[in-house]
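Single-letter residue listing:
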Amino acid sequence: MTALTPPPPPPPAPAVEDDRPPRTTPWLWFAAYFVIMGLVAARVPTVVREAAARMPEDVKRELSPNALDMATTVAGIAFIGTYAVVMALYLWLVAFLDKRILRTKASLGPLKVGLYFAIVVASTVPVHLLAVLAQVAEVRSFSGYYVYFPLVVAALLAAYRKHWLGLPGRRKALVILVAAAVPLLAILG
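Cut-off values and rules
Residues numbered from 1 in each chain as written. Predicted model: local features only at pLDDT ≥ 70, side-chain atom pairs only at ≥ 80, totals over all residues. Heavy atoms only, no water. Core = buried A, V, L, I, M, F, W, Y, C linked by side-chain atoms within 4.5 Å. Buried < 20%, exposed > 50% of the residue type's maximum accessible area, 1.4 Å probe, protein only. Helix = DSSP H or I, 4+ residues; strand = E, 2+ residues; numbered from the N terminus. Contact = heavy atoms within 4.5 Å. Patch = residues over 30% accessible without salt bridge, like charges linked within 9 Å, V, L, I, M, F, W, Y side chains within 5 Å. Areas by Shrake-Rupley, 256 points an atom, 1.4 Å probe, with all protein chains shown as cover. Salt bridge = Lys/Arg side-chain N within 4 Å of Asp/Glu carboxyl O. Expected span 1.5 Å × (residues − 1). Bend = angle between axes of the 7 residues up to and from the residue. Arc of directions from axis to C-beta. Polar contact = N/O pair within 3.5 Å; in protein donor to acceptor, adjacent residues only side chain to side chain. Phe/Tyr/Trp six-rings, centres within 6.5 Å; stacked < 30°, edge-to-face > 60°.

### Comments concerning the nonpolar core
Membership of the largest hydrophobic core comes to 38 residues, with the highest contact counts inside it found for L115 and Y116. Where this core is concerned, the elements lending two or more residues are helix 1 (26-54), helix 3 (65-100), helix 4 (115-134), helix 5 (145-159) and helix 7 (169-181). Looking at this core element by element, the count peaks at 9 residues for helix 4. When residues no more than four places from it in sequence are discounted, the contact partners of Y116 are V94, L97, D98, I101, L102, L174, V175, V178, A179 and V182. If you look at the next biggest cluster of nonpolar residues, it comprises 7 residues, including A131, V139, A186 and I187.

Here's what the structure looks like:
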């Protein structure tokens, strides 16, 4: 009896390069992060004033002015630190979705700008800029705040329609669903 020897394994397939262009020029994500965090940092004095104003009167009476200043400063630092981590995770997640879900080719000169990147920037930068200019800690009180985000999504979906309109039904629904979900952090945060 002869032992059967297995056939040799097939040669490995050559690596296939992804020749599709990137969604968004990578350094734009970092620039967006620093612009957003700069606007958040510009809001800190307003947030600190708001924290001091919301502090209960009995706590204000018990604390010395230095302790009160320290407490509100810590609140401002916690605001920045928390927002920095949340924004980094948010941008990382959206960059992943931008790369995997819709391969766009929208260009602004040499820069590639993906749909989800555009939604992130349009959902965060104007909101923080408005808060800085109006000197308010909370922009949710402005009329139209909750209407703004669906309008941004609708306008940008319309602007990028040539990239997703011809996709199969399920893929098209996924693009729209993710586009609608992307600004939720801006609404909740």
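Moving on, there is more to tell.
### Thoughts on a nonpolar patch on the surface
Together, W27, F30 and F34 make up an exposed nonpolar region whose accessible area comes to about 420 Å². Among the secondary structure elements, F34 is positioned in helix 1. Of the residues examined, F34 reaches a relative accessible area of 57% and is grouped as exposed.

### Notes on the pattern of salt bridges
A complete count under the given rule lists 2 salt bridges for this structure. Residues E50 and R54 are paired through a salt bridge, measuring 2.8 Å at the closest nitrogen-oxygen approach. Within this pair, E50 and its partner R54 are both found in helix 1, separated by 4 residues, close to a single helical turn. On the basis of relative accessibility, which here comes to 30%, the residue E50 falls in the partly exposed class. The class of R54 is exposed, set by a relative accessible area of 61%.

### Focus on helix 1
A rise of 1.5 Å per residue sets the reference length of helix 1, with its 29 residues, at 42 Å; its end C-alpha atoms lie 41 Å apart and thus fit the reference within 8%. The sharpest bend along helix 1 reaches about 40 degrees and sits at V44, with the proline P45 one to four residues further on. Among all positions of helix 1, only L28, W29, A32, Y33, I36, M37, L39, V40, R43, V44, T46 and V47 are buried. The inward-facing, buried residues of helix 1 abut helix 3, strand 2 (111-112) and helix 4.

### Some thoughts on helix 7
Since the α-helix advances by 3.6 residues per turn, residues separated by three or four positions end up pointing in the same direction. Taking 1.5 Å of rise per residue, 13 residues should cover 18 Å, and helix 7 covers 18 Å from first to last C-alpha, within 8% of that figure. Taken together, the buried positions of helix 7 are V175, V178 and A179. Axial view of helix 7: buried residues confined to an arc of 105 degrees, hence all on one face. Exposed positions of helix 7 whose direction lies more than 90 degrees from the buried face are G169, R170 and L177. Contacts made by the buried residues of helix 7 are with helix 3, helix 4, helix 5 and helix 6 (161-164).

### Let's talk about the environment of I119
Checked against the element boundaries, I119 lands in helix 4. On a C-alpha basis, the gap between I119 and V153 in space is 6.5 Å, while along the polypeptide they are 34 residues apart.

### Describing the side chain of H128
Examined against the element boundaries, H128 turns out to sit in helix 4. A distance of 2.8 Å separates a polar atom in the side chain of H128 from a polar atom in the side chain of Y83. Contacts of H128, omitting those with residues within four sequence positions, involve I36, L39, V40, R43 and Y83.

### So, the packing of aromatic side chains
Applying the stated criterion across every chain yields a total of 7 aromatic pairs. Taken together, a centroid distance of 6.0 Å and an interplanar angle of 45 degrees make the contact between F79 and Y83 tilted. A residue pair is termed a helical-turn pair when its members lie 3 or 4 positions apart in one helix, as F79 and Y83 do in helix 3 at 4 residues. Exposure remark for F79: the relative accessible area of 21% places this residue in the partly exposed category. Take Y83: its relative accessible area is 15%, and that puts it in the buried class. Judged by centre distance (5.4 Å) and plane angle (75 degrees), the ring pair of Y148 and F149 falls under edge-to-face. On the accessibility criterion, F149 (1% relative accessible area) is buried. Taken together, the ring pairs connect Y145, Y146, Y148 and F149 into an aromatic cluster.

What is shown is where atoms sit, not what they do.
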